[in-house]
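These are the residues of each chain, in order.
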Amino acid sequence: MNMARTLDVSTAENGAVFYSGPGNRALAEEFAYVNGRTTLEMTPGGQWLDSQGLFGPSSPLTPGQATTVWSTLSERFAASASGNAVGFVQGARAGSIFNTVEYPTLLGNQAIKNVITGGY
């Protein structure tokens with residue numbers, strides 16, 4: 001958990017791309033690559049945490065603990081975003097990290113001008 005509070009999740013202005021829901025990670029990553037933007041997992045901190053396989057069968061964490069760690073990193077990603085943020089969220093669950101952590105954080109982030117969401 002301490003690592004989630006300090007890992008580098010910074011992005012350039014207008015660089016943050018979010019996703020939630022079936023198939024949206026691939027869409028968000030493709031959009032990010034093509035447009036010079038960044039998803040959480042493309043940041044140094046997100047890459048490292050993703051490589052830890054916290055939701056995998058050999059994880060030392062419970063699924064609830066893994067969700068807490070990812071929620072912490074996701075909140076920091078949204079809090080450090082600036083300019084226009086893009087979200088691929090069609091089909092996202094109401095209780096998803098995007099809907100419960102990232103989106104509320106983006107709405108309260110004074111450095112965010114617009115949050116553009118969609119899915120396809």
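Source: prediction; values computed, not measured.

Focus on the overall build of the chain
- The number of helices and strands found in the chain is 4 helices and 4 strands.
- With the principal axes as the frame, the chain shows a C-alpha extent of 40 × 30 × 25 Å.
- Taking all 120 residues of the chain together, the buried fraction comes to 43%.
- Across the chain, the fraction of contacts at a sequence separation of at least 24, relative to all contacts at a separation of at least 6, is 73%.
- Carbon together with sulfur atoms contributes 53% to the accessible area of the chain, which is approximately 6400 Å² in total.

Remarks on the packing of helix H2 (residues 44–51) against helix H3 (residues 63–80)
- Orientation of H2 relative to H3, taken along the N-to-C sense of each, is 170 degrees, at an axis distance of 11 Å. The pairing of H2 with H3 is recorded here as roughly antiparallel in orientation. Contacts between H2 and H3 involve Gly45, Gly46, Leu49 and Asp50 from the former and Val69, Trp70 and Leu73 from the latter.

Digging into the packing of aromatic side chains
- Scanning the entire structure with this criterion turns up 4 aromatic pairs.
- Geometrically, the ring pair formed by Phe18 and Phe77 is tilted, given 4.9 Å between the ring centres and 55 degrees between the ring planes. Taken together, the positions of Phe18 in strand S1 (residues 16–19) and Phe77 in helix H3 put the pair 59 residues apart, joining distant regions of the chain. When sorted by exposure, Phe18 lands in the same class as Phe77, which is buried.
- A connected cluster of aromatic rings, assembled from ring pairs, spans Phe18, Phe77, Phe98 and Tyr103.

Observations regarding unusual backbone geometry
- Positive phi values are uncommon outside glycine, yet Asn14 reaches one of about 65 degrees.
- Counting through the fold element by element, Asn14 comes out in the segment before S1.

Rules used in this analysis
Residues numbered from 1 in each chain as written. Predicted model: local features only at pLDDT ≥ 70, side-chain atom pairs only at ≥ 80, totals over all residues. Heavy atoms only, no water. Helix = DSSP H or I, 4+ residues; strand = E, 2+ residues; numbered from the N terminus. Buried < 20%, exposed > 50% of the residue type's maximum accessible area, 1.4 Å probe, protein only. Contact = heavy atoms within 4.5 Å. Areas by Shrake-Rupley, 256 points an atom, 1.4 Å probe, with all protein chains shown as cover. Axes fitted to C-alpha atoms, helices over the stretch in contact; angles between N-to-C directions. Parallel < 35°, antiparallel > 145°, perpendicular 65-115°, else oblique. Phe/Tyr/Trp six-rings, centres within 6.5 Å; stacked < 30°, edge-to-face > 60°.

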